[in-house]
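Analysis of the macromolecular model
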Amino acid sequence: MYFRTWMISFCAASMLFKFAGPKVNRIMHCKLEEKAIRDIEATNVVQQTSFWARVKNQQGLEPFAFEYAASEDLLKPASSGQKFINDDLLVLVRYIDDKHSVAYIPYGPVNEPDFENQGVFMEELAEAMRPHLPENCILIRFDLPWENQWAHEDDFFDERGNWSGPPSANQQEFRVNFKTNNWNLQKSRSDNLPTNTIFLDLNQGQERLLQNMKPKTRYNIRLSKRRGVQVKSYGMDMLETWYDLYRETSMRNGITLHPKDNFYNFFEIQKNTAKDINTHLLMADYEGEFLAAMFLVLSKKRGTYLYGASSANRRNLMATYAVQWEGIRLAQEAGCEEYDMFGAAPNANSGHPMHGLYRFKSGFGGSFFHRMGCWDYPLNQTQYNTFRAQEVNSQGYHVN
């Protein structure tokens, strides 16, 4: 009911603000300075680290690092605004042709404003960033790690407690753009990184973690161990075996297959330059046959299950449960406080393409977290319209 009340109260005012009212001449509350990639501060979000910048640079994107200073009232309207909040921001620039580029912010900014100021914060950050980007940059895309504004509103849950997802893009834009100066933020056609995930709280003992799991998951972990499945951490020498499993999984589930070189870069970059990341290739085998594997990335106080793979053989040995439990254990032993399952269906709908991952990952316990997804701030509206139209047929991550 809250969303409907909010829309009735503000929809008309928002339309007048957008189409008829004068623009607000607001003093900028956000400053931004460039910094070296190597100087990005460590963070829980692996996609906002210097490690990620170098990985993506190897894939052809140009990384930019910034430090921003935002007055506290820009994020928290009720505050005095006398303090400043400082944080780093990784921006990846991709050239879509010889004349145009786009700026992409993976899971950033990390600092989350109160919901009524999220649009204002993105707008001011985008305008502060504009002069630092290539002149041919046509948009800034925020892939927001913030909790979805509609994730706790009763109107968006069914009688079984399943979240149905946010409202239409137009309705989302009304709320997010309210109070902005330019009314320029648009919901992207699709989302790049997963918007729905499950977080495990690692600030508890392993027995408590096991007790919080669904009984079948707990049983399968123990069954796998009894049947002799072993999980170990491997290095670059096992990447060929990993990639065979990963390719099989991608074909079986219809998900994007990343090039093999991407995974070699993970190890090369960590070995040579990265100090803020620790990567583990965990592989489960039974009598020499590898049945499941995963890339676990440890970043400050968070462990992230970044990539997974499994064989169609010997599914009765439950190797996927063994490798996931080992990842959770390693993250906890490394001092992490949370574990990100990194991608699942938003609810228990059996028709969703990621329903299998939902059943598997939700069995480990934890709490669902729904992110805001991708939001665009066009810098050149004409070119942006063309780019947006071309994106309609592009393949995206399973997030709906």
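Report on the accompanying structure. (Residues numbered from 1 in each chain as written. Predicted model: local features only at pLDDT ≥ 70, side-chain atom pairs only at ≥ 80, totals over all residues. Heavy atoms only, no water.)

1. Concerning the packing of aromatic side chains
Our working definition: When two rings of Phe, Tyr or Trp (its six-membered ring) have centres within 6.5 Å they constitute a pair, described as stacked for plane angles under 30 degrees, edge-to-face for angles over 60, and tilted for the intermediate range. Only DSSP runs of H or I with at least four residues qualify as helices, and only runs of E with at least two residues qualify as strands; both kinds are numbered from the N terminus onward. Exposure classes here rest on a 1.4 Å probe applied to the protein chains alone. A residue is buried below 20% of its type maximum, exposed above 50%, and partly exposed in between.
Evaluated as defined, the whole model comprises 27 aromatic pairs. Taken together, a centroid distance of 5.0 Å and an interplanar angle of 80° make the contact between W242 and F295 edge-to-face. With W242 in helix α8 (residues 239-253) and F295 in strand β10 (residues 289-299), this pair connects stretches of sequence that are 53 residues apart. Using a relative accessible area of 0% as the deciding quantity, one classes F295 as buried. Considering the side-chain rings of F267 and F295, the 5.9 Å spacing of their centres and the 55° angle between planes classify their relative orientation as tilted. Linking F267 in helix α9 (residues 260-272) with F295 in strand β10, this pair joins segments that are 28 residues apart in sequence. Among the residues examined, F267 registers a relative accessible area of 12% and is labelled buried. Site record: aromatic cluster; members linked through ring pairs are F51, W52, W242, Y243, Y246, F263, F266, F267, F295 and Y307.

2. With respect to the packing of α8 against α9
As a reminder of what qualifies: The convention used is that axes are lines fitted to C-alpha atoms, helices contributing only their stretch in contact, and that angles between N-to-C directions extend from 0 to 180 degrees. Here the angle decides the label: under 35 degrees means roughly parallel, over 145 means roughly antiparallel, 65 to 115 means roughly perpendicular, and every other value means oblique. Definitions for this section: a left-handed crossing has its near helix turned counterclockwise from the far helix by less than a right angle. A right-handed crossing has that turn clockwise. Here a residue-residue contact requires only that any non-hydrogen atoms of the pair lie within 4.5 Å.
Following both chains from N to C, one finds α8 and α9 inclined at 135°, their axes separated by 10 Å at the closest point. When the axes of α8 and α9 are compared, the pair comes out oblique. Classified by chirality, the crossing of α9 by α8 is right-handed. Together, L239, E240, W242, Y243 and Y246 of α8 and K260, F263, Y264 and F267 of α9 make up the contact between the two elements.

3. A closer look at the pattern of salt bridges
Note the cut-off: Salt bridge, as applied in this entry: a Lys or Arg side-chain nitrogen positioned within 4 Å of an Asp or Glu carboxyl oxygen.
The tally for this structure, following the rule as stated, stands at 15 salt bridges. One salt bridge connects E289 with R314, and the closest N-O pair in it is separated by 2.9 Å. Remark: R314 occurs in the loop between β11 (302-310) and α10 (319-333) and E289 occurs in strand β10; sequence separation between them is 25 residues. Note that R302 is salt-bridged to E338, the shortest N-O span being 2.7 Å. Pair noted here: R302 is in strand β11 and E338 is in strand β12 (residues 338-340), with a separation of 36 residues, a long-range link.

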